[in-house]
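Inside the fold
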Amino acid sequence: SARIPYGKQDISEADIAAVVDCLRSPLLTTGPKVAEFETAFAKYVGAPFAVAVANGTAALHCAAVAAGLGPGDEAIVSTLTFASTANCVLFTGATPVFADILPATLNIDPASVEAKITPRTKAVFAVDYGGQPCDYVALRAICDKHHLVLVADASHSYGATLHGRPVGALADLSTFSFHPVKNLCTGEGGMIIAHSEEHHAKLKLFRSHGITSDPFERARKGMHHYEMVSLGYNYRITDIQCALGLSQLTRLDEFIARRQQISAFYRAALADLAPKVTCVDDAPGTTNAHHLFVIQVNKEELGVPRDTVFEALRAENVGVNVHYPLVHLHPYYRETLGTGAGDCPVAEDKYARIISFPMYASMTDEEAQQCVDALKKVVAFYSK
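Bear in mind the structure is a predicted one, so any value in this text is a computation, not a measurement.

Taking strand neighbours across the sheet as the criterion, the 3 strands line up as E7-E6-E11 in an open arrangement whose pairing is antiparallel. Looking at which strands have only one partner, the edges of the open sheet turn out to be strand E7 (165–166) and strand E11 (286–287). Relative to E11, strand E6 (residues 161–162) runs antiparallel, the two sharing 2 bridges. Each residue of the ladder has a partner; that of Leu 162, found in E11, is Thr 286.

As structure tokens, then:
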């Protein structure tokens, strides 16, 4: 049978038509689709301001700048994330400080965050690992007490909720990614959600060279003059990507409902593998957007390490993955910041156990069953 990927996009005929319509329009970039996508996404997450950008890393960089990070500052970041979350802090000249994670959810541990705060700390970057919102009630209290900017790296979690409030409404700034394996796809793309005029203005400037107006706006007003008032990047997204995003957004609730359905199936089907293989918990009071479905291989119970199970699943044509190599253990961070083993003991223990199981909205029941059967076969083999 063909290999089942760990994730993939779901592109409909309507998505293709939306992109083709845009290609036939006069403006392929800095046109009306960008603002339409921003407005629709802001409405979806119940927030006043959205700024669309080229990718999720650009979104994080913009958020770090809007948060006011610069040389001499520190920002606290979860180590269980893609490198971009910490890299964006370095891009501003500030220093990332790595917090440990909670063993149940693998999200950033608020107690670890509080322990890492120094007089130089300016922001906290919480990562909604796998699609589950962090404990924003605790994080908000810590950030308010210490006057820190709270940034949600919500690349995995849009469409999820915490105590009934949507992701996007839970932090000062929230960032999103629309890479093909994410819950909504624009090819490459990102978004930042803001709640203040000040942050919104900073984000828009930084996205486009620090220039006060964009070409579409100038053409509409029949003007030519513009001014660069700060140093920015070209982090613009195209109208083509935003046309795809707008079309995909109409199905986002369906995508997430299907991911939740697959997750429920996996949990029920894999329950009897505990304690050898266990699933990561959902925290009380949250709904999970399930960008990832993560299992844990418990070597103490099964007798073989994670990588043995990983390789065996790959041999069974199940395209498993591991998210993520811990950022504080990447060679660059070891060499540059002097981080190393022992800095985040819970994350280091969990990293050695976790596997991302296939999860995508277009997955069939048969494919999900095939993944379960493969894991059961592998566990049975090593349980002899």
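Let us now look at unusual backbone geometry. Note that the residue after Ala 274, namely Pro 275, is joined by a cis bond; omega there is 5°. Among the structural elements, Pro 275 can be located in the loop between helix H10 (252–270) and strand E10 (277–279). Put simply, His 323 and Tyr 324 share a cis peptide bond, and its omega is 5°. Relative to the helices and strands, Tyr 324 is located in the loop between helix H12 (306–315) and helix H13 (331–337). Here Thr 30, not a glycine, exhibits a phi torsion of approximately 45°, which is positive. With respect to the helices, strands and loops of the structure, Thr 30 is situated in the loop between helix H1 (13–23) and helix H2 (32–45). In this structure Thr 30 comes out as buried when scored by relative accessible area, which is 14%.

Let us look at the pattern of salt bridges. Counted according to the given criterion, the structure contains 17 salt bridges. A salt bridge links Asp 272 to Lys 376; the shortest N-O distance between them is 3.6 Å. Of this pair, Asp 272 sits in the loop between H10 and E10 while Lys 376 sits in helix H15 (residues 365–382); the two residues are 104 residues apart in sequence, bridging distant segments of the chain. Residues joined in a network through salt bridges with shared partners are Asp 10, Asp 15 and Arg 251.

Where H2 contacts helix H9 (residues 239–249), the axes come no closer than 8 Å and their chain directions differ by 30°. In this view, H2 runs roughly parallel relative to H9, as classed from their interaxial angle. In this structure, the crossing between H2 and H9 has a hand that is left-handed. Counting all contacts with H2, which are made through Pro 32, Lys 33, Val 34, Glu 36, Phe 37, Ala 40, Phe 41 and Tyr 44, the residues of H9 involved are Asp 239, Cys 242, Ala 243, Gly 245, Leu 246 and Leu 249. In terms of residue class, the contact of H2 with H9 is made up of 10 nonpolar, 1 polar and 3 charged.

Below, the discussion takes up the packing of aromatic side chains. Under the definition given, this model contains 17 aromatic pairs. For the ring pair Phe 41 and Tyr 158, a centre distance of 5.9 Å and an interplane angle of 70° mean the geometry is edge-to-face. Of the two residues, Phe 41 sits in helix H2 while Tyr 158 sits in the loop between strand E5 (149–153) and E6, which places them 117 residues apart along the sequence. Taken together, the ring pairs connect Phe 37, Phe 41, Tyr 158, Phe 176 and Phe 178 into an aromatic cluster. Just above the ring of Tyr 351 sits the side chain of Arg 306; from NZ or CZ to the centre is 4.8 Å.

This brings us to H15. Compared with the 26 Å implied by 1.5 Å per residue over 18 residues, the 26 Å span of H15 between its first and last C-alpha is a close match. Where the residues of H15 are buried, they touch H10, E10, strand E12 (293–297), helix H11 (299–302), H12 and strand E13 (354–357).

Turning to helix H4 (residues 84–91), its buried residues number three or more, namely Ser 84, Thr 85, Ala 86, Cys 88 and Val 89. On its buried side, H4 packs onto helix H3 (56–66), strand E2 (74–78), strand E3 (95–99), strand E4 (121–127), E5 and H13. Just downstream of H4, Gly 93 is the residue with a positive phi angle, here 95°.

Here is what the cut-offs are and how they apply
Residues numbered from 1 in each chain as written. Predicted model: local features only at pLDDT ≥ 70, side-chain atom pairs only at ≥ 80, totals over all residues. Heavy atoms only, no water. Pairing = 2+ DSSP bridges. Helix = DSSP H or I, 4+ residues; strand = E, 2+ residues; numbered from the N terminus. Buried < 20%, exposed > 50% of the residue type's maximum accessible area, 1.4 Å probe, protein only. Salt bridge = Lys/Arg side-chain N within 4 Å of Asp/Glu carboxyl O. Axes fitted to C-alpha atoms, helices over the stretch in contact; angles between N-to-C directions. Parallel < 35°, antiparallel > 145°, perpendicular 65-115°, else oblique. Left-handed = near helix turned anticlockwise from the far one by under 90°. Contact = heavy atoms within 4.5 Å. Nonpolar A, V, L, I, M, F, W, Y, C, P; charged D, E, K, R; others polar. Phe/Tyr/Trp six-rings, centres within 6.5 Å; stacked < 30°, edge-to-face > 60°. Lys NZ or Arg CZ within 6 Å of the ring centre and 35° of its normal. Expected span 1.5 Å × (residues − 1).

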